[in-house]
Amino acid sequence: MVRASAGIRQAEAKANRRFEVVTNGFNGLAGKRFHFIGAGGIGMSGLAALLVRHKAKVTGSDQTAGSVIDRLNSSGADIKIGHKEHNLDPATDAVVISAAIREDNPELKLARHLGIRVYKYAEALGRVFNFYSGIAISGTHGKSTSSGWLAYILKNARLDPTFIVGADIPQLGGNSGIGNDKWFVAEACEYDRSFLNLKPQIGCILNIEADHLDYYKDENEIVGAFCDFALGIKPGGVLIANGEDPNVAKVINALPAGVRYETFGFGKGCNYHDGNIEENEGLYSFDVYHIRHGGQDKELLGRTHLSIPGKHNVANALAVVASAINAGVEPKEVLRLLPGFTGVDRRVMLKAKINGITILDDYAHHPTEIRASLKAIKEHYKPKRLWCIFQPHQYSRTRFLLKDFAESFKLADITLMPEIYFVRDSLETKKEVNAQVLVDKIRANGSNAMFIDGFDAICDYLTKRVRKGDVVVTMGAGDVWKVADEYIRWIGKNS
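Summarised in this report is the structure supplied together with it. (Residues numbered from 1 in each chain as written. Predicted model: local features only at pLDDT ≥ 70, side-chain atom pairs only at ≥ 80, totals over all residues. Heavy atoms only, no water.)

1. Considering the sheet that holds strand β7 (residues 162-169)
Which entries qualify depends on this criterion: Two strands are said to pair when DSSP picks up at least two bridges between them. Helix numbers and strand numbers start at the N terminus; a helix is a DSSP run of H or I with at least 4 residues, a strand a run of E with at least 2. Whenever a helix is involved, its axis is fitted only over the stretch in contact; in every case the axis is a line through C-alpha atoms, and angles between N-to-C directions fall within 0 to 180 degrees. Here a residue-residue contact requires only that any non-hydrogen atoms of the pair lie within 4.5 Å.
One open sheet accounts for ten strands, arranged β8-β7-β9-β6-β10-β11-β12-β13-β14-β15; its pairing is mixed. Across the chains shown, the open sheet's two edge strands, defined by having one partner strand only, are β8 (174-177) and β15 (298-305). Taken pair by pair, the neighbouring strands of this sheet meet at an average axis angle of 15 degrees, ignoring direction. Bridging between strand β6 (residues 133-138) and strand β10 (residues 202-205) involves four bridges; their strand directions are parallel. When the bridges of β10 are listed, I137 appears paired with C204. Across the sheet, helix α7 (residues 143-156) touches β6, β7 and β9 (183-187), and the angle it forms with β9 is around 160 degrees.

Take a look at the structure:
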């Protein structure tokens, strides 16, 4: 039984209770002063940019300079490098902190002392999001791609949504934007139960797997959190749910009577499903069918194709189709716009093609994502050899999912691995596993893997061994993308 079982018994009461949006502190954004501690994070920067566009006065700080901070400052924010007391104006109306900020942060300590209201990022996002008719895209995998794709379609269908996504969308000029329509598209992350701050009109669950086990006790507790997310959909709203995921099925079964939901997937029993699917060099075309509830009315909506590789993106596309149609876009318009989307930052992203060598960068950091990305790369690029430079993200995630990680690199010809990226881990956790342990497990599963300590050493190894026709992909949620950039610079100098 999932953790939400107690909540399920109260589901009818939750569903019938009048929904109220709490707007305290975020009502009337123009002229309000907001201070962002950890402003350089992808979500934090997106929300800060959104508030700037709402004519709020945005200040803040981050430990590291970079293009994100430069872009915020050029838009009208004032973000400092380094965390210091004097960065915080005592006249600030609210402080927003990222998940990485600890209580001993000098700016946070001062805010507490001054009695300034402090919000976690997800709380602040919810305060703004809940002003709108929200569309929240959740799931263990595919959130950034699907929410970015949906924002792209709504914008090009002239619905002009507001959006915040966990990755840059090159076609939309960043990871956030303010529109003039009622819709707000947001990526909804389950870590820290942060997505429970969002009360959407349309809620979407792409899939549910074990992850963030540094926060959740087990997979059942994760499913319970998704149950609570679904129960937070506004009255009259709809849940768009993966119809083939056994964990999502538990969420659907927990819904009280009268809550509307539609499913998507490859199965013919899903409300939105594919047909006559064809693959050509990793890109898919397919028919889209819609079965209305009751199963008596099955309609062929039309045929479409994708411009981003991987069969997993067919499932993401079906979720986007269902969400867009429920937002009021005509089905044929959705299918017409679907192929125009070319992806979000760091998702099987082409960085360069030089001297017959292809260099890619990808965000995959969970075993399921690794397998999906490697399969997409193999199908689309057909490399002579596929080099995967994988940087594990978190010692705790690596330890909890070690067996699954060890079985995830079979499609890579060579996997090179630096040390695990340290974030949200304790020093005690760091002692329990390391990259060499994972490399040994990968080898024991019959794959070719090697631990190389340091990005410079990895680049040096690549320069001496990669050949024409090979594909090199840097992979992970940390800073492994720097290897791709450095390797590209080296090829450019020596070609």
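2. Here's the deal with unusual backbone geometry
A positive phi angle, near 65 degrees, is found at R158, a position not held by glycine. With respect to the helices and strands, the residue R158 is situated in the loop between α7 and β7.

3. Brief notes about the packing of helix α17 (residues 455-465) against helix α18 (residues 481-494)
For clarity, the cut-off: Our angle categories are set so that under 35 degrees counts as roughly parallel, over 145 as roughly antiparallel, 65 to 115 as roughly perpendicular, and the remainder as oblique. Helix crossings fall into two classes, left-handed where the near helix is turned counterclockwise from the far one by less than a right angle and right-handed where it is turned clockwise.
Running from N to C, α17 and α18 point in directions that differ by 45 degrees, and their axes come no closer than 10 Å. If you check the angle between α17 and α18, you find them oblique. Taken as a pair, α17 and α18 cross one another with a handedness that is right-handed. Across from F455, I458, C459, L462 and T463 in α17, the residues of α18 making contact are K482, V483, E486, Y487 and W490.

4. Let's talk about helix α5 (residues 106-114)
An α-helical segment advances 3.6 residues per turn. Residues three or four places apart therefore align on the same side. Note the following rule: Only protein chains enter the accessibility calculation, which uses a 1.4 Å probe. A residue is then buried if its area is under 20% of the maximum for its type, exposed if over 50%, and partly exposed in between. The reported arc concerns the directions from the helix axis to the C-beta atoms and nothing else. Under this definition, polar contacts are N or O atom pairs within 3.5 Å; protein pairs additionally need one hydrogen-donor-capable and one acceptor-capable atom, and for neighbouring residues in sequence, both atoms have to be side-chain atoms.
Listing the buried residues of α5 in full gives E107, L108, L110 and A111. Buried residues of α5 fall within an arc of 160 degrees about the axis and therefore sit on the same side. Packing partners of the buried residues in α5 comprise β1 (33-37), β2 (57-62), β4 (94-97) and β5 (117-120). For α5, the capping residue at the N-terminal end is N105, with a side-chain oxygen 2.9 Å from the backbone nitrogen of E107. Phi turns positive, to about 80 degrees, at G115, one or two residues after α5.

5. Regarding the pattern of salt bridges
Filter applied, for reference: Take a side-chain nitrogen of Lys or Arg and a carboxyl oxygen of Asp or Glu: if they are within 4 Å of each other, that pair is a salt bridge.
One pass over the structure, following the stated rule, counts 27 salt bridges. The partner of E190 in a salt bridge is K143, and the shortest N-O contact between them spans 3.8 Å. Residue E190 is located in the loop between β9 and β10, and its partner K143 is located in helix α7; the two are separated by 47 residues in the primary sequence. Each of the two residues, E190 as well as K143, counts as buried.

6. Looking at the side chain of T145
Note that T145 resides in helix α7. Judged by relative accessible area, T145 falls into the buried class, the value being 9%. Here T145 is in contact with I308, N313, N316, F341, V344 and R347, once residues within four sequence places are set aside.

7. Some details on the pairing of strand β21 (residues 471-475)
With five of its five residues buried, β21 lies for the most part within the structure. Side-chain alternation along β21 places V471, V473 and M475 on one buried face and V472 and T474 on a second face that is also buried. Sheet topology note: the strand β17 (residues 357-362)/β21 ladder contains five bridges and is parallel. Looking at the pairing, D362 lines up with M475 of β21. Here five bridges tie strand β18 (residues 386-390) to β21, and the two strands are oriented parallel to one another. Its bridge partner being in β21, I389 is matched across the sheet by T474.

8. Quick word on the packing of aromatic side chains
Two descriptors summarise a pair of aromatic rings, namely the distance from one centre to the other and the angle between the planes of the rings. Test applied: Any pair of Phe, Tyr and Trp rings, taking the six-membered ring for Trp, is counted once the centres come within 6.5 Å. Such a pair is stacked with planes under 30 degrees apart, edge-to-face with planes over 60 apart, and tilted for the rest. Either the NZ atom of lysine or the CZ atom of arginine qualifies as a charge over a ring when it sits within 6 Å of the ring centre and within 35 degrees of the ring normal.
Enumeration over the complete set of coordinates arrives at twelve aromatic pairs. Arranged with centres 5.1 Å apart and planes meeting at 80 degrees, the rings of Y132 and F184 form a pair that is edge-to-face. Here F184 lies in strand β9 and Y132 lies in the loop between α6 (121-129) and β6, a separation of 52 residues in the sequence. Each of the two residues, Y132 as well as F184, counts as buried. Consider the rings of F195 and F226, whose centres lie 5.0 Å apart with planes at 85 degrees: the pair is edge-to-face. Of this pair, F195 sits in the loop between β9 and β10 while F226 sits in helix α8 (residues 219-231), and the two are 31 residues apart along the sequence. Considered together, F195 and F226 belong to a single accessibility category, that of buried residues. Put simply, the rings of F129, Y132 and F184 touch in pairs and so form one group of aromatic residues. In this structure, R399 packs its charged tip against the face of F400, placed 4.5 Å from the ring centre. Here R465 stacks its cationic end above the ring of Y461, 3.7 Å away from the centre of that ring.

9. Things to note about the packing of helix α3 (residues 42-53) against helix α4 (residues 67-75)
Between two packed helices, the angle of one axis relative to the other and the distance separating the axes together describe the packing. Two elements in contact, α3 and α4, have axes separated by 10 Å at closest approach and are oriented at 10 degrees. Taken together, the axes of α3 and α4 lie roughly parallel to each other. The segment α3 lies against α4, with S45, A48, A49 and V52 engaging V68, L72 and S75.

10. A few points about the nonpolar core
The line we're drawing: As used in this record, nonpolar core signifies buried Ala, Val, Leu, Ile, Met, Phe, Trp, Tyr and Cys residues forming a set joined through side-chain atoms within 4.5 Å.
Counting 78 residues, the largest nonpolar core has F36, L51, F184 and F390 as the members making the most contacts within it. Aside from chain neighbours lying at most four places away, what touches F390 is A364, H365, I370, F405, F409, T415, L416, M417, P418, L438 and M475. I137, I153, A322 and A327 belong to the second-largest nonpolar core, a separate cluster that totals 47 residues.

Purely spatial values, then, with no claim about function.
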